[in-house]
Amino acid sequence: MMRILLFGLFGLAAPMLPAAGPNFVWIVADDMSPDIAAYGAAGVKTPNLDRLAREGRRYTHAYASAPVCSSSRSAFILGTYQTTTGLHAHDVENPQPLPAPYQHLPGLLRQAGWFVTNAVAPGGSKPKAKAKTHYNFAHDPAEMFDGTDWTQRQPGQPFFAQFQISEPHRPFPIPESYDEEALRKIQLPPNYPDHPLTRRDWYAYLRSVEVVDRRVGAILDQLENAGVMEDTIIMFFADHGRPMPWGKQWLSIEGLQVPLLIRGPQIPAGGVEERLVSLIDLAPTMLAQAGQPIPGWMQGRPLLDDSFPDRVQIFAARDRCGDAEDRIRAVITANHLLIQNFHPELPRLNWSSYKEAGYPGMALIRELAKKGSLSPLQARYVQPQREPLELYNLEADPTGLINVAADPQQAHQIKVLQSELDSWIRSTGDRGALPAAATEPSLPEIQRDKKQDYLRTWSKRGFKNEPSDAQRLAWWMHQYGLHETTPVN
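Keep in mind the model is a prediction, meaning the values are calculated, not measured.

Draft legend 1. Structural view of the pattern of salt bridges. Summed over all chains, the structure comprises 37 salt bridges. Close ionic contact of Arg110 with Asp146 constitutes a salt bridge, the shortest N to O distance being 2.8 Å. You can see Arg110 sitting in helix α4 (residues 105–111) and its partner Asp146 sitting in the loop between α5 (141–144) and β6 (159–165), a full 36 residues away along the chain. On the accessibility criterion, Asp146 (31% relative accessible area) is partly exposed. Between Arg320 and Glu440 there is a salt bridge whose closest N-O contact spans 3.7 Å. Remark: Glu440 occurs in the loop between α13 (411–427) and α14 (443–460) and Arg320 occurs in the loop between β11 (313–318) and β12 (328–333); sequence separation between them is 120 residues. Through salt bridges with shared partners, a single network forms among Arg51, Glu55, Glu224, Glu230 and Arg263.

This is the structure we're talking about:
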């Protein structure tokens, strides 16, 4: 590809501009499962996302490599599993520079001449001054990006514009009123208690997804008005699954599966891709489309080349999330999900100050468990320990709720998948079993600080002392316009 060398002030060479090249747009939602009408989701209106699906390709089996923000974002901006780079713990306290040979995608494209930006998406219910990055490595957005406005590029210069959408990350804006018919029609997964608080919380989540859609519409309008729509590859995706008790932070289908819509030149309209995709595939996809070499250390594979990475399986990992220490690994195939819990002695209700402060379902689940009001499936999630291995037959159970690992007929399947998982852990240099970096505080220090944050949150909500589950539940019920006597559906 021919280059034009531009010289800046004092004779310093600026990045070389490609003679031609596609533009790239990433629209990244925060904490969202494929809860889009185009994916068959009920009770939500998403005309702009449906348009992207209609005019481009919809990926039905796209998964994050981690079910939590910073770990997943650190992976997809590098095109490499976070467990390989040591960026696997969520919310690193003292991020360090990226070690050689790793380079982030914005830097690679910037060096090749693309104008690289990161911006808060237009609109939104929670205005943000700065666009989210949330990487577990040290970075200066002022050095990582050329700015926040892709229209400031040189004439004819291709651009890579990221738009960050904070929704549907919690806290959800609590609706002033509720459509009772819509509340009744919400299809709660059976592992959640069918309680009025659950329904109203889910309702608020879906309304937040609709905010995502409106913000996507504003971005599409911007591109169309500038006349660059047909020269631009647009990717919409979320960093991981929805922010519900058994979604975010868990290697469940709910925690890992994300929407992925790609529209652009030479991408046939209305396409549906059912093969496995990992978000670490997005960075190498862009490099390939830009005509740039894909570094050998990138573990993702380009999606839009003639040779689609037709994998047998992909992998995912969960490690420390804030003050919740853990280590879980998963392998996903077209028909199975195998999960290995390296700490089966820990409960699923392993304390997370973030979740306990922000998820009404946590207190609700505990209170219903005390009353014996959970179904057998729901009660499984409140057991004091976990199974070392979990196996889900996704062909019969697409949302992965029924653990069949104890079925003797699954022994061979478990052996095969366990072997694949073990091989991946070894071959990728999974660093999850290693001690935390010396630059990080100790786990007790992190837990102490997070607990203080948790207590301050509830103090601001009017509690002088740490509230009990019952008190927290009553507070959440009040926030959602309910009373403790509200009957269960």
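The rest of the description comes next.
Draft legend 2. Spatial organisation of the pairing of strand β4 (residues 57–63). Counting buried residues along β4, six of its seven residues qualify, which places the element largely inside the surrounding structure. For β4 and strand β8 (residues 257–263), the ladder comprises five bridges, and the chain directions are antiparallel. Opposite Arg57, over in β8, you have Ile262 as the bridge partner. Pairing geometry for β4 and strand β9 (residues 271–273), over three bridges, is parallel. Residue Arg58 lies in a different strand from β9, and its bridge partner there is Val272. Bridge count between β4 and strand β10 (residues 277–278): two bridges; the pairing is parallel. Residue Tyr63 lies in a different strand from β10, and its bridge partner there is Ser278.

Draft legend 3. The arrangement of the nonpolar core in detail. Counting residues in hydrophobic clusters, the biggest one holds 133 residues, and the most contacted among them are Trp26, Met32, Leu109 and Phe236. No other element matches the twelve residues that helix α7 (residues 196–225) contributes to this core. Here Leu109 is in contact with Phe24, Trp114, Val116, Phe160, Met286, Leu287 and Ala290, once residues within four sequence places are set aside.

Draft legend 4. Focus on the sheet that holds strand β13 (residues 336–341). The antiparallel open sheet is built from four strands, whose spatial order is β11-β12-β13-β14. In this open sheet, the two edge strands, each paired with only one partner strand, are β11 and β14 (389–393). Put simply, the sheet's adjacent strands are angled 15° from each other on average, direction ignored. The pairing of β12 with β13 spans five bridges and is classified as antiparallel. Bridge pairing in β13 places Ile328 opposite Asn341.

Draft legend 5. Spatial organisation of the side chain of Glu440. Overall, the relative accessible area of 15% leaves Glu440 in the buried class. Separated by 2.8 Å, the side chain of Glu440 and the backbone nitrogen of Asn94 make a polar contact. Excluding residues within four positions of it along the chain, Glu440 makes contact with Val92, Glu93, Asn94 and Arg320.

Draft legend 6. Focus on the packing of aromatic side chains. What the rule picks out here adds up to 22 aromatic pairs. Residues Tyr81 and Trp424 carry aromatic rings whose centres are separated by 5.0 Å and whose planes lie at 80° to one another, so their mutual orientation is edge-to-face. Of this pair, Tyr81 sits in the loop between α2 (69–76) and α3 (82–85) while Trp424 sits in helix α13, placing them 343 residues apart in sequence. Trp424 gets classed as buried once you look at its relative accessible area, which sits at 5%. A centroid spacing of 5.3 Å and a plane angle of 75° characterise the contact between Trp458 and Trp475, whose relative ring orientation is edge-to-face. One end of the pair, Trp458, is in helix α14; the other, Trp475, is in helix α15 (residues 469–479), with 17 residues separating them in the sequence. Each member of the pair Trp458 and Trp475 is classed as buried.

Draft legend 7. Molecular detail of unusual backbone geometry. The amide bond that connects Ala100 to the next residue, Pro101, takes the cis arrangement and shows omega of 10°. Relative to the helices and strands, Pro101 resides in the loop between α3 and α4. Non-glycine residue His134 carries a positive phi angle of around 55°. Along the polypeptide, His134 turns up in the loop between β5 (115–120) and α5. On the basis of relative accessible area, His134 is assigned to the partly exposed category, the value being 26%.

Draft legend 8. Layout of the state of the cysteines. The tally for this structure, following the rule as stated, stands at zero disulfides. Counting only cysteine sulfurs, Cys321 is the nearest neighbor of Cys69, a cysteine outside any disulfide, at a range of 9.4 Å.

Draft legend 9. A look at the environment of Ser278. Here Ser278 is to be found in strand β10. Between the C-alpha atoms of Ser278 and Arg301, which are 23 residues apart in sequence, the distance is 8.8 Å. Not counting chain neighbours up to four residues away, the residues in contact with Ser278 comprise Tyr63, Ser65, Arg311 and Ile314.

Draft legend 10. The arrangement of the environment of Thr84 in detail. For Thr84, the location among the structural elements is in helix α3. Taking the C-alpha atoms as reference, Thr84 lies 6.2 Å from Arg431; in sequence the two are 347 residues apart. Setting aside anything within four residues of it in sequence, one finds Thr84 in contact with Tyr102, Gln299, Thr428, Gly429 and Arg431. A distance of 2.7 Å separates a polar atom in the side chain of Thr84 from the backbone oxygen of Thr428.

Draft legend 11. Examining the packing of helix α1 (residues 47–55) against α7 more closely. The contact between α1 and α7 brings their axes to 7 Å, and the two run at 60°. With respect to each other, α1 and α7 are oriented oblique. Taken together, the residues of α7 that come into contact with α1 (itself represented by Pro47, Asn48, Leu49, Arg51 and Leu52) are Val212, Asp213, Arg214, Val216, Gly217, Leu220 and Glu224. Looking at side-chain class alone, the contact of α1 with α7 contains six nonpolar, two polar and four charged residues.

Calculation rules
- Residues numbered from 1 in each chain as written.
- Predicted model: local features only at pLDDT ≥ 70, side-chain atom pairs only at ≥ 80, totals over all residues.
- Heavy atoms only, no water.
- Salt bridge = Lys/Arg side-chain N within 4 Å of Asp/Glu carboxyl O.
- Helix = DSSP H or I, 4+ residues; strand = E, 2+ residues; numbered from the N terminus.
- Buried < 20%, exposed > 50% of the residue type's maximum accessible area, 1.4 Å probe, protein only.
- Pairing = 2+ DSSP bridges.
- Core = buried A, V, L, I, M, F, W, Y, C linked by side-chain atoms within 4.5 Å.
- Contact = heavy atoms within 4.5 Å.
- Axes fitted to C-alpha atoms, helices over the stretch in contact; angles between N-to-C directions.
- Polar contact = N/O pair within 3.5 Å; in protein donor to acceptor, adjacent residues only side chain to side chain.
- Phe/Tyr/Trp six-rings, centres within 6.5 Å; stacked < 30°, edge-to-face > 60°.
- Disulfide = S-S within 2.5 Å.
- Parallel < 35°, antiparallel > 145°, perpendicular 65-115°, else oblique.
- Nonpolar A, V, L, I, M, F, W, Y, C, P; charged D, E, K, R; others polar.

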